[in-house]
Structures are given as structure tokens and as C-alpha cells.
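# Topology and contacts: notes
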Amino acid sequence: MLPEVKLDNSSFEEIAREARSRIAGIYPEWTDYNYHDPGITFLEMFSYLKEVQQFHMDQIGQHHKRKFLKLLGMTPKKRRPAVLKAKVQKEA
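A short tour of the structure in this document, coming up. (Residues numbered from 1 in each chain as written. Predicted model: local features only at pLDDT ≥ 70, side-chain atom pairs only at ≥ 80, totals over all residues. Heavy atoms only, no water.)

## So, the packing of helix H1 (residues 12-26) against helix H2 (residues 38-57)
We count it as follows: Every axis corresponds to a line fitted to the C-alpha atoms, with the helix fit spanning only the stretch in contact, and the corresponding angles, defined between N-to-C directions, vary from 0 to 180 degrees. Put simply, DSSP marks the helices as runs of H or I at least four residues long and the strands as runs of E at least two long, and each gets a number from the N terminus on. Put simply, angles under 35 degrees are roughly parallel, angles over 145 are roughly antiparallel, angles from 65 to 115 are roughly perpendicular, and the rest are oblique. Put simply, a crossing is left-handed when the front helix is turned counterclockwise from the back one by less than a right angle, and right-handed when it is turned clockwise. Between two residues, a contact is recorded if the distance between any of their heavy atoms is within 4.5 Å. Side-chain classes are defined by residue name, with Ala, Val, Leu, Ile, Met, Phe, Trp, Tyr, Cys and Pro counting as nonpolar, Asp, Glu, Lys and Arg as charged, and the others, Gly among them, as polar.
Between H1 and H2, the least distance of the axes is 9 Å, while the angle of their chain directions is 135 degrees. Our classification of the angle between H1 and H2 gives oblique. In this structure, the crossing between H1 and H2 has a hand that is right-handed. The residues of H2 that touch H1, namely those facing Phe12, Ile15, Ala16, Ala19, Arg20 and Ile23, are Ile40, Leu43, Glu44, Ser47, Tyr48, Lys50, Glu51 and Gln54. Tallied by class, residues from the contact of H1 with H2 come to 8 nonpolar, 2 polar and 4 charged.

Given below as C-alpha cells:
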């Protein structure tokens, strides 16, 4: 079976914090990190969009998993009842 991958693994706060920490390396002249700054507003908007996208990508159901397996050329096995094999004990 396919491994379970969690795509929705970071929150809005984590995404925005990571983006703010990258500003200094990309644009060192940027000094205003307050919420009223339009650049920070855009940064938070894109952080929100990334969080929403991660959430929706993580909503893959069984129907989609079967379709993905079909694309790989795999089909799930049919259901069948369990079988118990009894061991025969030899008497000494």
C-alpha cells in the first residue's frame, strides 16, 4: 500500500515566521516588520494561501487512493474471509 504522507504539517504562524526570517537574507534594507507594512500583509496573505492549499491537498480519500493505485497499474485484492490453520500436536 502507499505510505501515508501528511501534507498539512505546518500552521499559518510557522509559515509566516519562516517567511519573515528569510526577509533579511533576501532584502536586507527592509526594516519594517510590523503588521501595518504592506509587504508583511502580502507575506501573511501568501502564508494563509499556502496553509489552505496544504489542507486541501491533504484531503485525499479512499476513492482517490484507488485511482492513484490504478494509475500505477495496481489493483486492491478482493475481500475474503479469514482462514485459520490449526496445528496438529503430536502425542509422545
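## Focus: the pattern of salt bridges
Threshold: Each reported salt bridge corresponds to a side-chain nitrogen of Lys or Arg within 4 Å of a carboxyl oxygen of Asp or Glu. Here's how the labels work: a residue is buried when its accessible area is under 20% of the maximum for its type, exposed when over 50%, partly exposed in between, all with a 1.4 Å probe on protein chains only.
A complete count under the given rule lists 2 salt bridges for this structure. Glu18 is paired through a salt bridge with Arg22; the nearest N and O atoms lie 2.8 Å apart. With Glu18 and Arg22 both in helix H1 and 4 residues apart, the pair spans about one turn of that helix. On the accessibility criterion, Glu18 (41% relative accessible area) is partly exposed. Close ionic contact of Glu44 with Arg20 constitutes a salt bridge, the shortest N to O distance being 2.9 Å. One end of the pair, Glu44, is in helix H2; the other, Arg20, is in helix H1, and 24 residues separate them in sequence. The exposure class of Arg20 is partly exposed, given its relative accessible area of 23%.

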